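If you want the building blocks of each chain, they are given just below.
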Amino acid sequence: MSANSMNAKITWVEGMTFVATSGSGHQVVMDGDSPGKAPSPMEMVLMSAGSCASVDVVSILQKAKQNLQRCYCELSGTRADSVPKVFTDIHLEFVIVGTDINEKHVERAVKLSADKYCSVAKMLEASVNITHSYRIESPQQDD
């Protein structure tokens, strides 16, 4: 297998519950029932977009020597009314928690993730309207 290849295996457990095993040996449970015992495959797509973008944002802010204490990404997705119920819109809002955070660095990190680095979002953007926002909070505002 080439360095650019990935593989995975999906194993049925029971009902509509499956275990996905990545080529690197990590496992994730997914469930096609609504509500299920685990995230649905579409929830996993949404979470994958947020995770991929968050890796970028945190990495860029750390390289910019920002005093980042926490970062989380709140996502919302809208799906089509008819089958296939694909995402039509996804919004990612990054919440950056830290002291003396420079807003220009946050804006740049979110933009670089959106425009250049986030492989999941770049793959989805051909058919999904993806938007981004951010807010900066000081640690005392964070519960």
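In this text the structure is predicted, and so the values were computed from the model without any measurement. (Residues numbered from 1 in each chain as written. Predicted model: local features only at pLDDT ≥ 70, side-chain atom pairs only at ≥ 80, totals over all residues. Heavy atoms only, no water.)

Student: Help me out: how do you make sense of the nonpolar core in this one?
Tutor: For soluble globular proteins, nonpolar side chains are generally found buried alongside one another. Within the largest apolar cluster, 23 residues are counted, with the highest numbers of intra-cluster contacts made by Val-57, Ile-90, Leu-92, Phe-94, Ile-96, Leu-124 and Ile-130. Elements with a minimum of two residues in this core: helix H1 (41-63), strand E5 (87-99), helix H2 (103-117) and helix H3 (119-124). If you tally residues by element for this core, the top one is H1, at 7 residues. Non-local contacts of Ile-130, meaning those with residues more than four positions away in its chain, are made with Ile-90, Leu-92, Ala-121, Leu-124 and Glu-125. (Core = buried A, V, L, I, M, F, W, Y, C linked by side-chain atoms within 4.5 Å. Buried < 20%, exposed > 50% of the residue type's maximum accessible area, 1.4 Å probe, protein only. Helix = DSSP H or I, 4+ residues; strand = E, 2+ residues; numbered from the N terminus. Contact = heavy atoms within 4.5 Å.)

Student: Before we go on, may I ask you to explain the confidence of the model for the protein in this structure?
Tutor: Across the protein, the average pLDDT comes to 95, with 97% of residues at or above 70. Element-level pLDDT for the protein is lowest in H3, with a mean of 96, against a maximum mean of 98 in E5. (pLDDT = per-residue confidence, 0-100.)

Student: Sorry if this is basic, but what is going on with H2 here?
Tutor: Turn by turn, an α-helix covers 3.6 residues, leaving residues three or four places apart pointing in a common direction. Here H2 contains 15 residues, and its C-alpha end-to-end distance of 20 Å stays within 8% of the 21 Å for a straight helix at 1.5 Å per residue. By the burial criterion, the buried members of H2 are Val-106, Ala-109, Val-110, Ser-113 and Ala-114. Summarising the contacts, the buried residues of H2 are in contact with H1, E5, H3 and strand E6 (129-137). (Expected span 1.5 Å × (residues − 1).)

Student: How should the environment of Gln-69 be read in this particular structure?
Tutor: Tracing the backbone through its elements, the reader meets Gln-69 in strand E4 (residues 67-79). Not counting chain neighbours up to four residues away, the residues in contact with Gln-69 comprise Val-97, Gly-98, Thr-99 and Pro-139.

Student: Would you take a moment to explain the environment of Gln-62 for this structure?
Tutor: Residue placement: Gln-62 occurs in helix H1. By relative accessible area, which is 51% here, Gln-62 ends up exposed. Placed 11 residues apart in sequence, Gln-62 and Cys-73 show a C-alpha to C-alpha distance of 16 Å.

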